[in-house]
Amino acid sequence: MDFIVTTTRDNQEELQGTAQRWARALQVPVIPRDNWNLDKMKREYGVDAILLASAQGPKVYCRKHKFFYHPSMAQLRIENIKKGQVDYMAEAMDLRPGMRVLDCTLGLAADAAIASYLVGPTGKVVGLEGSELLHFVVQNGLKNYDTKDADLTAALRRIIAVRADAATYLATRMEEYDVIYFDPMFETPVESSSNMEPLRDLAYESKLTPEIIQLALKRAPRVVVKERYIKYLRDLGCTEVMGGRYSSVKYGVIQK
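Note that the coordinates shown come from a computational prediction; the quantities given were computed from them, not determined experimentally.

In terms of helices and strands, the chain carries 11 helices and 11 strands. By the compact-globule yardstick of 18 Å for 256 residues, the chain fits well, its C-alpha radius of gyration being 19 Å. If one aligns the C-alpha atoms of the chain with their principal axes, the spans along those axes are about 55 × 40 × 35 Å. Expressed as a percentage of the 256 residues in the chain, the buried residues total 48%. In the chain, 68% of the contacts between residues at least 6 apart in sequence involve partners at least 24 apart.

Following this line, the structure appears as structure tokens:
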């Protein structure tokens, strides 16, 4: 995806240094905002997206949506876990303190945040993200976003965000994990998850295949896949499917 860096109209001078640092790190041009309209800037420079330096952190304006970091449903899920309610992803992954977790589809890191909270400071959570812009925004959020829940904030800070696609990472890195997790983006969005639509403009699209599952099983004894359709999970080799009776998604488990 081609993109440029600029600033908000407000505080342009104060944010110019931030924009220049980001542009150098990402090796893309930084364009003075002046009084430009963002859509006009995209057309003028022939880019798909604009990374905007703002007082609230990085924001991305892409084809149809704008995107900024937020922990999605992680806060509510942690509140429910503290109340003793079941989190089906955590149950499928069999998360316990001290475990090493690899999330191969980091996205907004909501699932990684739940894993980080449950494995605690003695555990380790690594999240892979293939999209350069999504990785940049989410990595910044993990380092700087403050929540009302100190436990969630601490969990976010512990996540290690790596820019990589799962197939390459699993084939070339020798680290071992207790569980590896995949949440491939559904071809048909879940209606209740329409707030995730901005991710579709930025997402790194890579089909999850049985070959990638086999690579994962070389690095962990347990692999978990999130999907809408049980047949898809069975085709990937899942021998156990977990999830709420009325849930729109299920979690398939493959054990070595």
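Having seen the structure, we can now continue with the description.
Below, the discussion takes up the pattern of salt bridges. Taken as a whole and assessed by the stated rule, the structure comprises 12 salt bridges. Between Asp94 and Arg96 there is a salt bridge whose closest N-O contact spans 2.6 Å. Judged by its relative accessible area of 36%, Asp94 is partly exposed. By relative accessible area, Arg96 is classed as partly exposed at 43%. Here Arg163 makes a salt bridge to Glu132, at a shortest N to O gap of 3.9 Å. You can see Arg163 sitting in strand β7 (residues 160–163) and its partner Glu132 sitting in helix α6 (residues 132–144), a full 31 residues away along the chain. Relative accessible area serves as the criterion here: at 26%, Glu132 is assigned to the partly exposed category. One continuous salt-bridge network, built from bridges that share partners, spans Arg77, Asp87 and Asp111.

Moving on, we come to the packing of helix α3 (residues 74–82) against helix α5 (residues 110–119). Interhelical geometry of α3 versus α5 gives an angle of 35° and a closest axis separation of 9 Å. Between α3 and α5 lies a crossing of right-handed hand. Residues Ala74, Arg77, Ile78, Ile81 and Lys82 of α3 lie in contact with α5, whose contacting residues are Ala110, Asp111, Ala113, Ile114, Tyr117 and Leu118. By residue class, the composition of the contact of α3 with α5 is 8 nonpolar, no polar and 3 charged.

This next bit is on the side chain of Thr7. Following the sequence through the fold, Thr7 ends up in strand β1 (residues 3–7). Setting aside chain neighbours within four positions, we find Thr7 in contact with Gln12, Leu15, Gln16, Ala19, Arg33, Leu52 and Ala53.

Next up on the list: the environment of Gly252. Its location among the elements puts Gly252 in strand β11 (residues 250–255). For the pair Gly252 and Asp111, spaced 141 residues apart in sequence, the C-alpha separation works out to 15 Å. In this view, Gly252 contacts Val223, Val224, Val225, Leu233, Cys238, Glu240 and Val241; residues no more than four positions away in its chain are not counted.

The rules we used
The residue numbering used here restarts from 1 in each chain and proceeds along that chain's sequence as written. The model is predicted, so local features are restricted to residues of pLDDT at least 70 and side-chain atom pairs to those at 80 or more, both for listing and for counting; the totals for chains, interfaces and linings are taken over all residues. Calculation of side-chain values draws on the structure's entire complement of heavy atoms; hydrogens and water are dropped beforehand. Put simply, DSSP marks the helices as runs of H or I at least four residues long and the strands as runs of E at least two long, and each gets a number from the N terminus on. Values of the radius of gyration come from C-alpha atoms, whereas the globule rule sets the reference at 2.2 Å times the count of residues to the power 0.38. Only protein chains enter the accessibility calculation, which uses a 1.4 Å probe; a residue whose area is less than 20% of its type maximum is buried, one above 50% is exposed, and one in between is partly exposed. We call two residues in contact when some of their heavy atoms are within 4.5 Å. We define a salt bridge as a side-chain nitrogen of Lys or Arg found within 4 Å of a carboxyl oxygen belonging to Asp or Glu. The axes used here are C-alpha line fits, helices contributing only the stretch in contact, and every angle between their N-to-C directions lies in the interval 0 to 180 degrees. Two helices cross in a left-handed way if the nearer one is turned anticlockwise from the farther one by less than a right angle. They cross in a right-handed way if the turn is clockwise. We call Asp, Glu, Lys and Arg charged. Ala, Val, Leu, Ile, Met, Phe, Trp, Tyr, Cys and Pro are nonpolar, and the rest, Gly among them, are polar.

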